[in-house]
Amino acid sequence: MADLNALSNALIAGDAGKLEGLVQGALNEGMEAKEILNGGLIKGMDIVGEKMQNGDMFIPEVLMSAKAMSASVEILKPLLSTEDASAAGKVVMGTAKGDLHDIGKNLVLMMLESAGFEIINLGTDVSPEDFVAAVKEHDANIIGISALLTTTMGAMKDTIDALAEAGYRDKVKVIIGGAPVNQKYADEIGADGYAADAGSASKLAKSLV
Ligand code: B1M
């Protein structure tokens, strides 16, 4: 049976070619896409995070790991998105201002898309003004904001405040997520919901529309 540790190690080494081969091999052997994602890729990325924190890995190496992860998620994408798509609503999604992390956000987008939501992906480093402009332009039902840095969490509140100022707060639900965020913080800033992972984000979004 495929070795999830080998997958994690290829991701930590930033070896995209090897990782893609291992992912494909694991699928061929019948391993579930979810298991590959959670037990191999996300586990490997957590170790990358620890190494980064300890000074054992530097930004260029972390970027290689991130690129390898994104390429492998592309292979898993059709297999992770299995729900019946039916028009569920429109979601404007982005990473908070000042924040460039997008792997988790893209996983959340993938799950929302497969749950039937129309997605407007604003990318990373999205200002509160850009979120508000996108809600107006696309008449969205939900805004999703992702933040991975403690320093960018505040931009989530700024976005909620900007929505209120523009008179849009009652027209759109705001959901937030990302490693430093939790339900308590969501309550504090007046978000409509918090989700810990991509699967819960999709369930949460469905419950809000
Ligand atoms: Co950065 N980084 N990083 N980094 N990076 C972290 C977040 C960090 C925890 C690493 C560490 O020190 N241990 C740390 C933050 C510390 C803190 O603030 N508490 C950190 C730092 C410090 C930095 C820099 C400041 C480093 C520097 O320059 N000195 C810098 C900041 C750049 C910036 O954003 N302005 C930086 C840069 C980078 C890279 C560019 C090199 C790269 C990002 C590449 C990319 O995303 N394209 C990177 C990476 C890869 C990481 C780690 C290692 C991995 C993040 C990741 O992709 N995880 C990360 C350590 C870690 O998280 N263990 C780290 C996998 C992903 C699937 O999980 O994103 O948590 P995650 O998403 C999950 C859930 O959180 C949730 O669902 C997802 C799927 O289950 N979720 C949502 C996410 N968004 C959601 C939204 C929702 C709902 C759920 O609703 C809307």
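Rules of the game
- The residue numbers shown here count from 1 along each chain, following its written sequence.
- Given that the model is predicted, a residue must reach a pLDDT of at least 70 before its local features are reported, and side-chain atom pairs must reach 80 or more before they are shown or counted; all residues, however, enter totals for whole chains, interfaces and linings.
- Side-chain descriptors were evaluated using all non-hydrogen atoms of the structure, hydrogens and water having been removed beforehand.
- Secondary structure elements are defined from DSSP: runs of H or I of at least 4 residues count as helices, runs of E of at least 2 residues count as strands, and each element is numbered from the N terminus.
- Between the two quantities, the radius of gyration covers C-alpha atoms and the globule rule is 2.2 Å times the number of residues to the power 0.38.
- When we say a residue is near a molecule or strand, we mean one of its heavy atoms is within 4 Å of it.
- Here a polar contact is recorded for every N or O atom pair within 3.5 Å, except that within protein the pair must consist of a potential hydrogen donor and a potential acceptor, and residues adjacent in sequence are included only if both atoms are side-chain atoms.
- Three categories are distinguished: nonpolar for Ala, Val, Leu, Ile, Met, Phe, Trp, Tyr, Cys and Pro, charged for Asp, Glu, Lys and Arg, and polar for the others, with Gly belonging to the last.
- Note that the domain bounds reflect an automated or database-derived domain assignment.
- Only nitrogen, oxygen and sulfur atoms within 2.8 Å of the metal, or 3.2 Å for Na, K and Ca, are treated as donors, and water is left out, so sites may look incomplete.
- Buried means the residue's accessible area, taken with a 1.4 Å probe over protein chains only, is under 20% of the maximum for its type, while exposed means over 50%, and partly exposed covers the values in between.
- A pair of strands is treated as paired once DSSP finds two or more bridges between them.
- Handedness is read with the strands pointing away from the viewer; a crossover is right-handed when the path from the first strand over the helix to the second is clockwise.
- By the convention used here, residues are in contact when the closest approach between their heavy atoms is within 4.5 Å.
- Orientation is described by axes fitted as lines to C-alpha atoms, over the contacting stretch for helices, and by angles from 0 to 180 degrees between their N-to-C directions.
- Any angle that falls under 35 degrees is termed roughly parallel, while one over 145 is termed roughly antiparallel, one within 65 to 115 roughly perpendicular, and all others oblique.
- Note: crossing handedness is left-handed where the near helix turns anticlockwise from the far helix by less than a right angle, and right-handed where it turns clockwise.

A.B. asks: Can you explain the overall build of the protein chain? Please cite residues and give values.
C.D. replies: Within the protein chain, the regular secondary structure consists of nine helices and five strands. Shown N-terminal to C-terminal, the secondary structure of the protein chain runs as helices and strands in the order α-α-α-α-β-α-β-α-β-α-β-α-β-α. The C-alpha radius of gyration computed for the protein chain amounts to 18 Å, which stays within 12% of the reference 17 Å derived for 209 residues, consistent with globular compactness. A principal-axis box enclosing the C-alpha atoms of the protein chain has dimensions of 55 × 40 × 25 Å.

A.B. asks: How would you explain unusual backbone geometry if you had to name every residue and give the values?
C.D. replies: In this model, Asp-125 sits at a positive phi of 50 degrees, which is unusual for a non-glycine residue. Structurally, Asp-125 is set in strand β2 (residues 117-126). Positioned with a positive phi, Asp-139 is a non-glycine residue whose angle comes to about 55 degrees. On the secondary structure map, Asp-139 appears in the loop between α6 (128-138) and β3 (142-146).

A.B. asks: Which residues make up the site of the ligand, and what values go with them?
C.D. replies: The ligand sits among 36 residues. The nearest are Gly-98, Leu-100, His-101, Asp-102 and Ser-146. Within the backbone of Leu-100, a nitrogen or oxygen atom sits 2.6 Å from an oxygen atom of the ligand. Those elements that place two or more of their residues in the shell around the ligand are α3 (33-54), α4 (59-80), α5 (103-114), β3, β4 (173-177) and α9 (198-208). The leading source of residues in the shell around the ligand is α3, at six residues. By residue class, the composition of the shell around the ligand is 22 nonpolar, ten polar and four charged. Looking at which domains feed residues into the shell around the ligand, each of domain 1 (4-84) and domain 2 (86-208) supplies at least three.

A.B. asks: Please set out the coordination of the cobalt atom of the ligand residue by residue, giving values where relevant.
C.D. replies: Octahedral six-donor coordination of a metal ideally yields angles of 90 or 180 degrees, compared with 109.5 degrees for tetrahedral four-donor coordination. With respect to protein ligation, the cobalt atom of the ligand binds only His-101 (NE2), at 2.2 Å. Summarising the element assignment, His-101 is placed in the loop between β1 (89-96) and α5.

A.B. asks: Before we move on, can you summarise the domain arrangement of the protein chain with the specific residues and values?
C.D. replies: Looking at the assigned domains, one finds that the protein chain contains domain 1 (4-84) and domain 2 (86-208). The centre of domain 1, based on its C-alpha atoms, is set 25 Å off from the matching centre of domain 2.

A.B. asks: Give a detailed account of the pairing of β3, specifying residues and quantitative values.
C.D. replies: Burial of β3 is extensive: five of the five residues sit out of reach of the surface. Side-chain alternation along β3 places Ile-142, Gly-144 and Ser-146 on one buried face and Ile-143 and Ile-145 on a second face that is also buried. In this structure, β1 lies alongside β3, joined through five bridges in parallel fashion. By the bridge assignment for β3, Val-91 is matched with Ile-142. Two strands pair when backbone bridges link them, and β3 and β4 are joined in this way by five bridges, in the parallel orientation. Within the sheet, the bridge partner assigned to Ile-145 lies in β4 and is Ile-176. Regarding the hand of the β-α-β motif, the stretch spanning β3, helix α7 (residues 154-165) and β4 is right-handed.

A.B. asks: So what's going on with the sheet that holds strand β5 (residues 193-194)? Residues and values would help.
C.D. replies: One open sheet accounts for five strands, arranged β2-β1-β3-β4-β5; its pairing is parallel. Looking along the sheet, the strands with just one partner apiece sit at the ends: β2 and β5. Against the sheet, α6 engages β1, β2 and β3, with an angle of about 160 degrees to β2. Contacts between α9 and the sheet are confined to β2, β3, β4 and β5, with β4 contributing the most and set at about 170 degrees to the helix.

A.B. asks: A description of the packing of helix α1 (residues 4-12) against helix α2 (residues 16-28) should follow, citing residues and the corresponding values.
C.D. replies: To describe two helices that pack against each other, one gives the angle between their axes and the distance between the axes. Relative orientation of the contacting elements α1 and α2 amounts to 160 degrees, with a least axis distance of 8 Å. With respect to each other, α1 and α2 are oriented roughly antiparallel. Two packed elements cross with a definite hand, and for α1 against α2 that hand is left-handed. Residues Ala-6, Leu-7, Ala-10 and Leu-11 of α1 pack against Lys-18, Leu-19, Leu-22 and Val-23 of α2. Its residues assigned to classes, the contact of α1 with α2 comprises seven nonpolar, no polar and one charged.

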